[in-house]
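What the coordinates show
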Amino acid sequence: MTQTTTRVLEPSDLGAALAILESEPVANAFVTSRVQVAGLDPWRLGGEMWGWYADGMLRSLCYAGANLVPICAGPEAVRAFADRARRAGRRCSSIVGPAEPTALLWRLLEPGWGPAREVRANQPLMVTESPSADVAPDPLVRRIRKDETEILMPACVAMFTEEVGISPLAGDGGLLYQARVAELIGAGRSFARIDDGKVVFKAEIGAATTQACQIQGVWVAPEHRGKGLSETGMAAVLRYALADVAPVVSLYVNDYNTAARKAYLRVGFRETGTFMSVLF
């Protein structure tokens with residue numbers, strides 16, 4: 001009979017954890033990018049990394065920070081992570097990850113943690129290694145400079161509020177969110193088109209590893225929607241990402257956002273899987 005255990009990983013477990021994370025580089029890009037920078041120390045990582053072992057071998061992970069993220073987790077591992085999460089109490093603002101393990105995790109946690117503010121059960125994961133030749137990149141989309149942070153910030157707040165349903169300025173007055181925006185600008189992973197001092201289009205490479213990166217925060221100013229800017233803007237960001245960051249670019253999108261899905265398909269993305277998010 002298989003012996004299984006679950007425990008909080010320590011810095012000495014880094015090699016084993018990275019081996020699991022890098023086995024699915026696209027799906028795990030967000031967590032992998034954090035672990036590669038911060039290691040497994042909870043203080044630096046911004047949360048704990050739980051490991052599920054079968055017969056002494058590390059098989060699955062679960063990141064437990066601002067998000068709860070099951071990683072390479074089958075049903076038995078998910079049940080173990082749900083038990084630990086239930087005992088610890090909810091400290092995350094969302095559960096997010098590949099749809100199958102995330103759905104099971106939520107089913108097990110919902111009686112104690114529910115109701116959620118919103119459940120997005122079907123978020124297509126889209127991937128590309130080469131941009132489409134059919135969409136010309138917008139030449140005015142470029143990297144944002146540090147001295148342009150204040151110009152970009154209102155667009156970031158508008159995107160977050162529209163996407164998540166609450167303002168990122170709530171709670172701590174936006175200190176954490178502003179730090180995250182500044183971090184991405186400093187890393188050269190924030191892109192926008194600015195016309196007359198106002199952001200018209202923006203997007204960030206929110207997660208980056210040597211194997212894959214993930215585009216997040218795509219936003220077009222409301223008065224400029226319907227003009228194809230999401231396509232030409234995304235084509236520009238995609239070229240930067242493939243040239244400078246990683247050989248594979250991914251993103252995930254809400255299934256009901258048909259306009260965005262069509263735009264991303266035209267730019268060269270294809271749907272390869274499904275994510276799920278539970279928002280609190």
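Refer to the preceding data block for the structure.
Numbering of residues begins from 1 in every chain and follows the order in which that chain's sequence is written. Only residues with pLDDT of at least 70 get local features here, since the model is predicted, and only at 80 or more are side-chain atom pairs given and counted; chain-wide, interface and lining totals rely on the full set of residues. The side-chain values count all of the structure's non-hydrogen atoms but skip hydrogen atoms and water molecules.

Turning our attention to the nonpolar core. Nonpolar core, defined: a set of buried Ala, Val, Leu, Ile, Met, Phe, Trp, Tyr and Cys residues in which side-chain atoms within 4.5 Å join the residues together. When a residue's accessible area, from a 1.4 Å probe over protein chains only, is under 20% of the maximum for its type it is buried; when over 50% it is exposed; and in between it is partly exposed. Counting residues in hydrophobic clusters, the biggest one holds 27 residues, and the most contacted among them are Ile215, Met234, Val237, Val249, Leu251, Tyr264 and Phe269. Numbering of helices and strands starts at the N terminus; helices are DSSP runs of H or I of at least 4 residues and strands are runs of E of at least 2. The leading source of residues in this core is helix H8 (residues 229–244), at seven residues. By definition, residues are in contact when any of their heavy atoms lie within 4.5 Å. Filtering out sequence-adjacent residues up to four positions away, valine 249 remains in contact with Met126, Val127, Thr128, Cys213, Ile215, Leu238, Ala241, Leu242 and Phe269.

Turning our attention to the pairing of strand E2 (residues 48–54). The element E2 is extensively covered by neighbouring structure, given that six of its seven residues are classed as buried. Strand pairing is assigned whenever DSSP identifies at least 2 bridges connecting the two strands. As defined by bridge partners, strand E1 (residues 4–8) adjoins E2 across five bridges and the pair is classed as antiparallel. The residue bridging threonine 6 from the neighbouring strand is tryptophan 52, located in E2. Pairing of E2 with strand E3 (residues 57–64) involves seven bridges; the strand directions are antiparallel. For glutamate 48, the partnering residue across the bridge sits in E3 and is alanine 64. Connecting the antiparallel pair E2 and E3 is a turn made up of two residues, with aspartate 55 showing a positive phi of about 50°.

Attention shifts here to the packing of aromatic side chains. Stacked, tilted and edge-to-face pairs are distinguished by plane angle, under 30 degrees for stacked and over 60 for edge-to-face with tilted covering the rest, among Phe, Tyr and Trp rings (Trp via its six-membered ring) whose centres lie within 6.5 Å. Under the counting rule described, the total for this entry stands at seven aromatic pairs. In this arrangement the basic side chain of arginine 84 is found over the ring face of tryptophan 50, its NZ or CZ atom lying 5.8 Å from the centre. For a ring to carry a charge above it, either NZ of a lysine or CZ of an arginine must fall within 6 Å of the ring centroid while also lying within 35 degrees of the normal to the ring plane.

Moving on, we come to unusual backbone geometry. Among all residues save glycine, negative phi is the norm, and among peptide bonds the norm is trans. Between glycine 114 and the following residue, proline 115, the backbone shows a cis peptide bond with an omega angle of -5°. Locating proline 115 in the fold gives a position in the loop between helix H5 (99–113) and strand E6 (118–128). In this model, cysteine 72 sits at a positive phi of 50°, which is unusual for a non-glycine residue. Since its relative accessible area comes to 23%, cysteine 72 is described here as partly exposed.

Positionally, alanine 16 belongs in helix H1 (residues 14–21). With 35 residues separating them along the chain, alanine 16 and glycine 51 place their C-alpha atoms 9.8 Å apart.

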